[in-house]
Amino acid sequence: MTHVVFAVPFAMDATLRFVQAACRLRAEGLRLGVLSQDPIERFPPELRGEFDAFHRVPDAMDASQLTEGVRQLARALGGRVDRLIGILEPLQEALAEVRERLDLPGMRPEAAHRFRDKALMKDVLRSNGLPCARHRLCTNAEDAFAFGRESGYPVVVKPPAGAGARNTFRVDGERELAGYLRTMPPSPGDPVLLEEFLFGREFSFDTVTLDGRHLLHSVTEYAPTPLEVMQTPWIQWAVVLPRDISGPEYAPIHEAGARALDVLGMDTGITHMEWFRRDDGTIAISEVAARPPGAQFTTLLGYAHDMDFYEAWVRLVAMDRFEVPERRWAAGAAFLRAQGEGRVQGIRGLEEAQAEIGDLVVEAKLPQAGQPKASSYEGEGYVILRDEDTDRVRGGLQRVVSLLCVDLEQGGAP
Ligand SMILES: Nc1ncnc2c1ncn2[C@@H]1O[C@H](COP(=O)(O)OP(=O)(O)O)[C@@H](O)[C@H]1O
Ligand SMILES: [Mg+2]
């Protein structure tokens, strides 16, 4: 029996898919305690019926409250907790802190901090000879202007521990930088990260690591970059996991990506790295998260390898088990995103899309009438395609984004 506490601060869909997987693994001897700041009623009834124990704390991002919560759950689970796990990116440092306090296995605070602080992460990568963008963490406007002059424009400005490309911008010159610094003035307590702007194509590099051994890696092509999607309202994001990633074009990230995880201190888990290939072929690592990827990537990993990656993650971090699968398919997702303001009224182009590429569709979540417009580049819904032929998936996704159109009720209640 493995006694696992899953920290789920909020009962959000993205996290619940992992919680569902944990519930299914009760059949393999897992006992599950759930720690949340949401009341248990927020969890779907069929799911909460599977929890062996549940405990609510006022603030599930706070290490002290989490520690006390794990102690309570240990009592409810018959005296002990073996693992503390969680998906949410901003939670990772608090989880590491609790593990240290309670002497539980898993990532500890120093490593968790290197994966959360994008400036420190780049310091560590660069000092180990790994390629990444030039950067400076700036606590005042003068530092930021000096970086712009030394590095040259464009630069990227971002919060040092942001997510979802929020408050992340390309800045093309000094005047634009001055505007940004006026709206988001940096201070010692609230610094801003400036980076050299990387031109080229963006990808992810996702791995499964067990006891420091990288057992599996996956590459995802982004089209276009999340930053371009955020800044261009009519663009819909698409991502592709090519079937064959053994070619020389991916050799540099395979080598650098694995070494980056080593120097950052990855022990056991699924990781999500983002990187660029510049037009001259050189690569740069952009950021790394010590958690499974979001945005349907975990679902896509499952389709590419014919296995349930949600369960694979739980088995890995709760039971130290992972069976390396074969990559049999190309898979990809198009994210459906409405333009303008208001609520979703409907979606056009479904029949045509169905006729053209319906045979490639393995999963879809279509935007529903009345749904509020999404604020992220993941939009209001998605379509997942799979085929043995990577180019068919690439082409199919382009058809999805050109044929499907999400309409909003203009002027409707926000
Ligand atoms: N140095 C850079 N050069 C070019 N684009 C960048 C750079 N840093 C970030 N971006 C773009 O901004 C997006 C969000 O930045 P990222 O550091 O990944 O933050 P987040 O944690 O919000 O995902 C990236 O996916 C990429 O498209
Ligand atoms: Mg990112």
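None of the values given here were measured: they were computed from a predicted structure.

1. Points about the site of ligand 1
Around ligand 1 sit 19 residues, and of these K118, K158, A165, E202 and E287 come closest. Separating an oxygen atom of ligand 1 from a side-chain N or O atom of K118 is a distance of 2.6 Å. Computed on the free molecule, ligand 1 has an accessible area of 540 Å², of which 97% lies beneath the protein chains in the complex. Of all the elements in the fold, those that place two or more residues in the shell around ligand 1 are β6 (155–158), β8 (192–196), α9 (226–231) and β12 (269–277). For the shell around ligand 1, the per-class residue count stands at eight nonpolar, four polar and seven charged. Shared between two domains, the shell around ligand 1 takes at least three residues from each, and those domains are domain 2 (116–127 + 134–196) and domain 3 (201–409).

2. What about the coordination of the magnesium ion (ligand 2)?
Distances from the magnesium ion (ligand 2) to its protein donors, E274 (OE) and E287 (OE), fall within 1.8 to 2.0 Å. With E274 in strand β12 and E287 in strand β13 (residues 283–289), this pair connects stretches of sequence that are 13 residues apart. On the basis of relative accessible area, E274 is assigned to the buried category, the value being 10%.

3. With respect to the sheet that holds strand β1 (residues 2–7)
Judged by pairing direction, the sheet is parallel, and its four strands sit side by side in the order β3-β2-β1-β4 without closing on themselves. Strand pairing shows two members of the sheet lacking a second neighbour, β3 (53–56) and β4 (83–86), which therefore form its edges. Taken pair by pair, the neighbouring strands of this sheet meet at an average axis angle of 25 degrees, ignoring direction. Across four bridges, the pairing between strand β2 (residues 30–36) and β3 is parallel. Of the residues in β3, the one forming a bridge with G33 is A53.

4. A word on the domain arrangement of the protein
Parsing the protein into structural domains produces domain 1 (2–105), domain 2 (116–127 + 134–196) and domain 3 (201–409). A C-alpha centroid distance of 35 Å is found between domain 1 and domain 2.

5. Some remarks on helix α11 (residues 297–305)
In terms of burial, α11 is a largely internal element, nine of the nine residues being buried. Within α11 the residues assigned to the buried category are F297, T298, T299, L300, L301, G302, Y303, A304 and H305. At the C-terminal side of α11, D306 shows a positive phi close to 55 degrees.

6. Overview of the environment of L32
Within the secondary structure, L32 is located in strand β2. Residue class for L32 comes out buried when judged on its relative accessible area of 0%. Sequence separation between L32 and V81 is 49 residues, and the spatial gap between their C-alpha atoms is 9.5 Å. Residues contacting L32, with those up to four places away along its chain left out, are V4, F6, V19, A22, C23, F51, D52, A53 and L77.

Calculation criteria
- Residues numbered from 1 in each chain as written.
- Chains lettered and ligands numbered in written order.
- Predicted model: local features only at pLDDT ≥ 70, side-chain atom pairs only at ≥ 80, totals over all residues.
- Heavy atoms only, no water.
- Near = heavy atom within 4 Å.
- Polar contact = N/O pair within 3.5 Å; in protein donor to acceptor, adjacent residues only side chain to side chain.
- Areas by Shrake-Rupley, 256 points an atom, 1.4 Å probe, with all protein chains shown as cover.
- Helix = DSSP H or I, 4+ residues; strand = E, 2+ residues; numbered from the N terminus.
- Nonpolar A, V, L, I, M, F, W, Y, C, P; charged D, E, K, R; others polar.
- Domains from an automatic or database assignment.
- Donors = N, O, S within 2.8 Å, 3.2 Å for Na, K, Ca; no water.
- Buried < 20%, exposed > 50% of the residue type's maximum accessible area, 1.4 Å probe, protein only.
- Pairing = 2+ DSSP bridges.
- Axes fitted to C-alpha atoms, helices over the stretch in contact; angles between N-to-C directions.
- Contact = heavy atoms within 4.5 Å.

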